[in-house]
Amino acid sequence: MRQRSDAFDHLVLADSPIVFESATGYSMITDLRVDEVLPELRAETERYETHTPEHRESLQALVTAQRQVRNTTEGYWVAAADPDAAQHAVTGTTPLDGLHAAAVMSDGVSRLVTEYKMATWADAFATLRRGGPRELIDAVREVEATDPTGRRWPRYKSGDDAAIAFCQW
C-alpha cells in the first residue's frame, strides 16, 4: 500500500490480501490466481489429512507442478524470487475518504475469516485494536489447533505463515 494525499494505491500478489475498513463496512483486495492453477492436484492434496504419507506425497506433486507455472503467464505470480512479478500484480486505488483502517496480511491470517469462517472482518479488526497482530495470529492458531490434521478445513499444512501489518488513522 502506498498513501497519497487522497487515496491508497495497492499492489497485491499471490495470497496476501489487503482489507480496508470504512464507514460502510469491509472490502478485501486479493489475488486468487494461485487457486485457479492445477485444481486437480489441489483437490487431490485436500483429500488427505495433513501429516499422513498420502498427504505428503500429493503435496509434493502439487508443489513440483506449481514451480513449473509460478511466475509465468500460465500460472500465478509471487514476488519472492522475481521482482518482475510486480508487473503482473493486482493493482488499483482506493479513495482515502471514509476509510478508518487497513490490514495487509498473509493468507495464514486471513483464513480465519475467509476459509475457517470463525470470525468476521469486524471481529478481526476489533481484535487488532484490542491486542494487535499477535492477538489475531494467536486466534488463528487456536482455531487451527482444533483441526490439526486438516479434516474440517482441508489445507496444505497444520498452520500457514501468519504475518500482518495493521494501519489505522
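Refer to the structure above for everything that follows.
Here the structure is a predicted model, which is why all the values come from computation and not from measurement.

### Here we look at the overall build of the protein chain
Argument step 1. Secondary structure summary: the protein chain contains five helices and seven strands in total.
Argument step 2. Scanning the protein chain from its N terminus toward the C terminus, one meets helices and strands in the order β-β-β-β-α-α-α-β-β-α-α-β.
Argument step 3. A compact globule built from 169 residues would reach a C-alpha radius of gyration of about 15 Å, and the protein chain, at 17 Å, matches this within 12%.
Argument step 4. Here the C-alpha coordinates of the protein chain stretch approximately 50 × 40 × 25 Å along the principal axes.
Argument step 5. Split into buried and exposed, the 169 residues of the protein chain put 41% on the buried side.
Argument step 6. Look at the contacts in the protein chain between residues 6 or more apart in sequence, and 68% of them connect residues 24 or more apart.

### A few points about the packing of helix H4 (residues 107–114) against helix H5 (residues 121–145)
Argument step 1. Put simply, H4 and H5 touch, their axes get as near as 9 Å, and they point 100° apart. Comparing their axes, H5 and H4 come out roughly perpendicular. Counted together, Gly-108, Val-109, Ser-110, Arg-111, Leu-112, Val-113 and Thr-114 of H4 and Trp-121, Ala-124, Leu-136, Ile-137, Ala-139, Val-140, Val-143 and Glu-144 of H5 form the full contact between these two elements.
Argument step 2. For the contact of H4 with H5, the per-class residue count stands at 10 nonpolar, three polar and two charged.

### What about the nonpolar core?
Argument step 1. Met-105, Trp-121, Leu-136 and Ile-164 are the most contacted members of the largest nonpolar core, which has 19 residues in total.
Argument step 2. Only strand S6 (99–105), H4 and H5 provide two or more residues apiece to this core.
Argument step 3. Of all the elements, H5 adds the most residues to this core, at eight residues.
Argument step 4. If sequence neighbours within four positions are ignored, Ile-164 has contacts with Ala-103, Val-104, Met-105, Val-109, Leu-128, Pro-133, Leu-136 and Ile-137.
Argument step 5. Counting residues in hydrophobic clusters, the runner-up holds nine residues, among them Ala-14, Val-34, Ala-65 and Val-69.

### Quick look at the layout of surface pockets
Argument step 1. Taken as a whole, the largest pocket encloses approximately 910 Å³ of empty space.
Argument step 2. Contributing elements (two or more residues each) for the lining of the largest pocket: helix H1 (33–36), helix H2 (39–46), helix H3 (53–69) and H4.
Argument step 3. Element by element, the count of residues in the lining of the largest pocket is highest for H3, at five residues.
Argument step 4. Here the lining of the largest pocket is built from residues that sort into 13 nonpolar, five polar and 14 charged.

### Description of unusual backbone geometry
Argument step 1. The backbone phi angle of Leu-38 is positive, close to 55°, even though this residue is not glycine.
Argument step 2. Relative to the helices and strands, Leu-38 resides in the loop between H1 and H2.
Argument step 3. When its relative accessible area of 18% is taken as the criterion, Leu-38 is described as buried.
Argument step 4. Of note in this structure, His-51 is not a glycine but carries a positive phi near 70°.
Argument step 5. Take His-51: it is sitting in the loop between H2 and H3.
Argument step 6. His-51 gets classed as exposed once you look at its relative accessible area, which sits at 56%.

### A few points about the side chain of Asp-9
Argument step 1. One can find Asp-9 in strand S2 (residues 7–12).
Argument step 2. Engagement of the side chain of Asp-9 in a polar contact is seen with the side chain of Arg-2, the distance being 2.8 Å.
Argument step 3. A distance of 2.9 Å separates the side chain of Asp-9 from the side chain of Thr-93, its partner in a polar contact.
Argument step 4. In this view, Asp-9 contacts Met-1, Arg-2, Arg-4, Gly-92 and Thr-93; residues no more than four positions away in its chain are not counted.

Rules behind the numbers
- Residues numbered from 1 in each chain as written.
- Predicted model: local features only at pLDDT ≥ 70, side-chain atom pairs only at ≥ 80, totals over all residues.
- Heavy atoms only, no water.
- Helix = DSSP H or I, 4+ residues; strand = E, 2+ residues; numbered from the N terminus.
- Rg over C-alpha atoms; globule rule 2.2 N^0.38 Å.
- Buried < 20%, exposed > 50% of the residue type's maximum accessible area, 1.4 Å probe, protein only.
- Contact = heavy atoms within 4.5 Å.
- Axes fitted to C-alpha atoms, helices over the stretch in contact; angles between N-to-C directions.
- Parallel < 35°, antiparallel > 145°, perpendicular 65-115°, else oblique.
- Nonpolar A, V, L, I, M, F, W, Y, C, P; charged D, E, K, R; others polar.
- Core = buried A, V, L, I, M, F, W, Y, C linked by side-chain atoms within 4.5 Å.
- 1 Å grid on protein atoms, 1.4 Å probe; cavity = no way out; pocket = protein on both sides within 12 Å on 5 of 7 lines; lining within 4 Å.
- Points joined across faces, edges and corners; volume = space filled by probe spheres on them.
- Polar contact = N/O pair within 3.5 Å; in protein donor to acceptor, adjacent residues only side chain to side chain.

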